[in-house]
Amino acid sequence: MEPLAAMYPQDVEFAVISEIRDAALQALAPDVADFLEGGAGEEVTLRANRTAFGRWGVRPRPMSGVSAPSTATTLLGLPLELPVLTAPFGGDALFHEQGHLAVARAAAASGAVAIVPEAGTFSYERVAETAPDAARIAQIHPFDHFDVVAERIRDAGYAALCVTVDCPTAGFRVRNRVNRFAPDLTYFAGNLVGEGTPDVAEMFGRLVSHDSPAWDWDWLAAATGRCGLPWIAKGVLTAEAAGHALAAGASALVVSNHGGRQTDPAPAALDALPEVVAEVGGRVPVLFDSGVRSGADVFVALALGADAVVIGRLAAYGLAAGGETGVRRVFELLAEELRTLMILAGVPDVASFTPDLVARCDR
Ligand SMILES: Cc1cc2nc3c(=O)[nH]c(=O)nc-3n(C[C@H](O)[C@H](O)[C@H](O)COP(=O)(O)O)c2cc1C
């Protein structure tokens, strides 16, 4: 008998995201896998980020008539084919030699935007040359050399800054301490070039010392004002912080606990999302990260008020598993699952997401 056409793709290296994660963790040395997977402290926050998603269910809408939903949207004027951006994660060539060059190329091929990290292996300029359509937002830490770095970001053609506001000092990373993790710091030093930037030892020294100057919102408002680019405050977990970020002039926020890598224990990022969305009241876009692992998670975050989500470990899994191809596959699978749920819940487009699409469930 002739075989029927296959219902599921046969000729794919990765059928689901869990296969990508498994391949990634197999490819990495154990201490690098721990650096990627781990969180701060007892990893309460890291676990809470996942548990929080498990408390929500999508409310199906039978016979809604919705087919072929659109996942297209815009963020700060940047077009997105899917409401998903890649997160700035440092040390990227520890996961794959092409690091954020591959991430940004995959984002470009997927109609997405990559947030390019300051502590990455490759410079902002190099990533922007490689994938100018995707490398549109550059992440920066609020340290002394902010003005010099922000100027470079502007000159490289980025549309916006993403300022990490939740990292005045590095979180207490237990797995890295246990492993005596000692990566080659040049993996983090792609942007520590040119005049006015510290050397890598100085930069990392201040992240673990507890006596270097920590910025406040007034310093940040002044520095971002001098730069002139729109900026996104990454690492907001409370209505109070959201209010400060808006008063300081932020053009968008990322509700995030840094993937559980900073404050531990802290609230799950998803639990903080409604509080921040209510405080912002539609004045600026609200992005979300920390714990997104599937298209269903993207759906829940959008329903709870996020305008787009940011993927950290998911992008890194794709990178470690298969470079640019691996990250592209992550985007494809997220898009397929998100579109499936949009049809099942009768959501024609990104603008139609509302909180009544999800319900808290006791499971
Ligand atoms: C290996 C790794 C390195 C990271 N480095 C940075 C960084 O240098 N700056 C920053 O703001 N966030 C950094 N992050 C946090 C991510 O930008 C993002 O907030 C987090 O990964 C989101 O959570 P998720 O991994 O659960 O998606 C890093 C995350 C990982 C996994």
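The structure displayed is predicted, hence computed values, not measured ones.

## As for the overall build of the protein chain
A count of helical and extended segments in the protein chain gives 13 helices and twelve strands. Taking 363 residues into account, the globule formula puts the C-alpha radius of gyration at 21 Å, and the protein chain, at 20 Å, falls close to it. Dimensions along the principal axes, computed over C-alpha positions, put the protein chain at roughly 70 × 45 × 40 Å. For the protein chain, buried positions account for 54% of its 363 residues. For the protein chain, the share of sequence-separated contacts (at least 6 apart) that also reach a separation of at least 24 residues comes to 72%. In the form shown here, the protein chain has an accessible surface area of approximately 15,800 Å², with 54% of it arising from carbon and sulfur atoms.

## Observations concerning the sheet that holds strand β7 (residues 160-164)
Read around the closed barrel, the eight strands follow the order β4-β5-β6-β7-β8-β9-β10-β11; overall the barrel is parallel. Going from strand to strand, the sheet's axes swing by 30 degrees on average, the running direction of each strand aside. In this structure, strand β9 (residues 252-255) lies alongside strand β10 (residues 286-288), joined through three bridges in parallel fashion. Note on β10: the bridge partner recorded for valine 255 is phenylalanine 288.

## Thoughts on the UniProt feature "binding site: glyoxylate" (unreviewed entry) in the protein chain
Here the UniProt feature "binding site: glyoxylate" (unreviewed entry) sits at Arg173 and Arg261. Across 89 residues, the annotated set stays spatially compact, with a maximum C-alpha separation of 7.1 Å. With respect to the helices, strands and loops of the structure, arginine 173 is situated in the loop between β7 and α7 (174-178). On the basis of relative accessibility, which here comes to 16%, the residue arginine 173 falls in the buried class. If near-sequence neighbours (up to four positions away) are discounted, arginine 173 is found in contact with Gly39, Ala40, Arg261 and Gln262. Along the polypeptide, arginine 261 turns up in the loop between β9 and α11 (269-280). The class for arginine 261 is buried, based on a relative accessible area of 13%. Setting aside residues no more than four positions away along its own chain, arginine 261 makes contact with Phe35, Leu36, Gly38, Gly39, Ala40, Gly171, Arg173 and Arg313.

## Remarks on the UniProt feature "active site" (unreviewed entry) in the protein chain
This chain's UniProt record puts "active site" (unreviewed entry) on His258. Within the element layout of this structure, histidine 258 appears in the loop between β9 and α11. If sequence neighbours within four positions are ignored, histidine 258 has contacts with Thr164, Asp166, Cys167, Lys234, Asp289 and Ser290.

## So, the pairing of strand β8 (residues 231-236)
Counting buried positions over the six residues of β8 gives six, a clear majority of the element. Sheet topology note: the β7/β8 ladder contains four bridges and is parallel. Opposite leucine 161, over in β8, you have tryptophan 231 as the bridge partner. Two elements, β8 and β9, share four bridges in a ladder whose sense is parallel. Bridging from a neighbouring strand, alanine 233 pairs with leucine 253 of β9. In this fold, the crossover linking β8 to β9 by way of helix α10 (residues 239-247) has right-handed handedness.

## Examining the packing of helix α1 (residues 17-27) against helix α13 (residues 313-344)
α13 packs onto α1 with a crossing angle of 175 degrees between their chain directions and a minimal axis gap of 10 Å. In this view, α1 runs roughly antiparallel relative to α13, as classed from their interaxial angle. Contacts between α1 and α13 involve Ile17, Ile20, Arg21, Ala23, Ala24 and Ala27 from the first element and Leu314, Tyr317, Gly318, Ala320, Ala321, Gly326, Arg329, Val330, Leu333 and Leu334 from the second. A breakdown of the residues in the contact of α1 with α13 according to their chemical character gives twelve nonpolar, two polar and two charged.

## A closer look at the packing of aromatic side chains
The geometry of an aromatic ring pair is captured by two quantities: the separation of the ring centres and the angle between the planes. Counted under the stated rule, the structure contains nine aromatic pairs. An aromatic cluster of three or more residues is present, and its members are Phe35, Phe89, Phe95, Phe181 and Phe188. The positively charged end of arginine 206 is found above the aromatic ring belonging to phenylalanine 143, 4.2 Å away from the centroid. We note arginine 261 situated over the ring of phenylalanine 35; from NZ or CZ to the ring centre the distance is 5.1 Å.

## Quick look at the site of the ligand
Within the structure, the ligand sits among 22 residues, and Pro88, Thr164, Asp289, Gly291 and Arg313 are positioned closest to it. Within the side chain of lysine 234, one N or O atom sits 3.0 Å away from an oxygen atom of the ligand. Coverage of the ligand by the protein chains reaches 96% of its 610 Å² of free accessible surface. Its residues assigned to classes, the shell around the ligand shows seven nonpolar, ten polar and five charged.

Rules and cut-offs
- Residues numbered from 1 in each chain as written.
- Predicted model: local features only at pLDDT ≥ 70, side-chain atom pairs only at ≥ 80, totals over all residues.
- Heavy atoms only, no water.
- Helix = DSSP H or I, 4+ residues; strand = E, 2+ residues; numbered from the N terminus.
- Rg over C-alpha atoms; globule rule 2.2 N^0.38 Å.
- Buried < 20%, exposed > 50% of the residue type's maximum accessible area, 1.4 Å probe, protein only.
- Contact = heavy atoms within 4.5 Å.
- Areas by Shrake-Rupley, 256 points an atom, 1.4 Å probe, with all protein chains shown as cover.
- Pairing = 2+ DSSP bridges.
- Axes fitted to C-alpha atoms, helices over the stretch in contact; angles between N-to-C directions.
- UniProt positions renumbered as here; feature names shortened; annotations may be inferred.
- Right-handed = clockwise from strand over helix to strand, strands pointing away.
- Parallel < 35°, antiparallel > 145°, perpendicular 65-115°, else oblique.
- Nonpolar A, V, L, I, M, F, W, Y, C, P; charged D, E, K, R; others polar.
- Phe/Tyr/Trp six-rings, centres within 6.5 Å; stacked < 30°, edge-to-face > 60°.
- Lys NZ or Arg CZ within 6 Å of the ring centre and 35° of its normal.
- Near = heavy atom within 4 Å.
- Polar contact = N/O pair within 3.5 Å; in protein donor to acceptor, adjacent residues only side chain to side chain.

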